[in-house]
Amino acid sequence: KKIKLKTIPDKGESIWVGYRDTRYPKQVYSLKMGLNRTRKDLSKVTAPILLMHSRGDRSVPFENMDYIAKHVSSKIVRIKEFDLRERSHNRHLLSLYPESRYKVIREIEQFLKKIK
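What counts, and where the lines are drawn
- Residues numbered from 1 in each chain as written.
- Predicted model: local features only at pLDDT ≥ 70, side-chain atom pairs only at ≥ 80, totals over all residues.
- Heavy atoms only, no water.
- Helix = DSSP H or I, 4+ residues; strand = E, 2+ residues; numbered from the N terminus.
- Buried < 20%, exposed > 50% of the residue type's maximum accessible area, 1.4 Å probe, protein only.
- Contact = heavy atoms within 4.5 Å.
- Expected span 1.5 Å × (residues − 1).
- Arc of directions from axis to C-beta.
- Core = buried A, V, L, I, M, F, W, Y, C linked by side-chain atoms within 4.5 Å.
- Pairing = 2+ DSSP bridges.
- Right-handed = clockwise from strand over helix to strand, strands pointing away.
- pLDDT = per-residue confidence, 0-100.
- Phe/Tyr/Trp six-rings, centres within 6.5 Å; stacked < 30°, edge-to-face > 60°.
- Lys NZ or Arg CZ within 6 Å of the ring centre and 35° of its normal.

On to the environment of Val-45, then. Turning to its location among the elements, Val-45 is positioned in the loop between α1 (25-41) and β3 (49-55). Overall, the relative accessible area of 31% leaves Val-45 in the partly exposed class. In this structure the C-alpha to C-alpha distance between Val-45 and Val-72, which are 27 residues apart in sequence, comes to 5.4 Å. Not counting residues within four places of it along the chain, the set of residues in contact with Val-45 comprises Val-72, Ser-73 and Ser-74.

A separate point is helix α3 (residues 98-115). Between its first and last C-alpha, α3 extends 27 Å over 18 residues, near the 26 Å set by a 1.5 Å rise per residue. Looking at α3, one finds that the buried residues are Ser-100, Val-104, Glu-107 and Phe-111. For α3, the angular spread of the buried residues around the axis is 65°, confining them to a single face. The outward face of α3, more than 90 degrees from its buried face, is lined by the exposed residues Tyr-102 and Lys-113. Elements in contact with the buried residues of α3: β3 and β4 (77-83).

Bringing the nonpolar core into the picture now. It is characteristic of soluble globular proteins that their nonpolar side chains tend to be buried jointly. Core analysis: the biggest nonpolar cluster contains 7 residues, these being Leu-42, Ile-49, Leu-51, Phe-62, Met-65, Ala-69 and Val-72. Not counting the four nearest positions on each side in its chain, Met-65 is found in contact with Leu-51, Met-52, His-53, Ile-79 and Lys-80. Residues Leu-84, Leu-96, Tyr-97 and Val-104 belong to the second largest nonpolar core, which totals 6 residues.

Bringing the pairing of β3 into the picture now. Pairing geometry for β3 and β4, over 7 bridges, is parallel. Paired with Leu-51 across the bridge in β4 is Ile-79. Tracing the backbone out of β3, into helix α2 (residues 63-71) and back to the parallel element β4 gives a crossover that is right-handed.

This paragraph deals with the confidence of the model for the protein. Per-chain confidence: the protein averages 78 in pLDDT, with 74% of residues scoring 70 or above. Mean pLDDT across the elements of the protein ranges from a minimum in strand β1 (residues 5-7), with 50, to a maximum in α2, with 93.

A few words on the packing of aromatic side chains. Enumeration according to the criterion identifies 0 aromatic pairs in this entry. Positioned above the aromatic ring of Phe-82, the side-chain terminus of Lys-80 is 5.5 Å from the ring centre.

Right, dumping it as structure tokens:
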């Protein structure tokens, strides 16, 4: 019932194995309620915000990034788009992938330097 990552011996890359059990009624209900509350409260966000997302993410629709950017009250909104569609196991966590891990770190560092 846990997320498992296996390593491809030749490449050293992580392969997504995923969940074994798909029955999560309490978790889905909790997530839905949390998302509704978050959606209502987005306009209360005034702090600088860095949004990063990848095209090809099968967990969260890419359009969510634009929705968030348009509905927060932050004066500073930075959007960074990645593209992992070529990956056979592209999932939500950008830092799992060697080709995006250091780009994510650099984006965060640059963002933090700009808002100082």
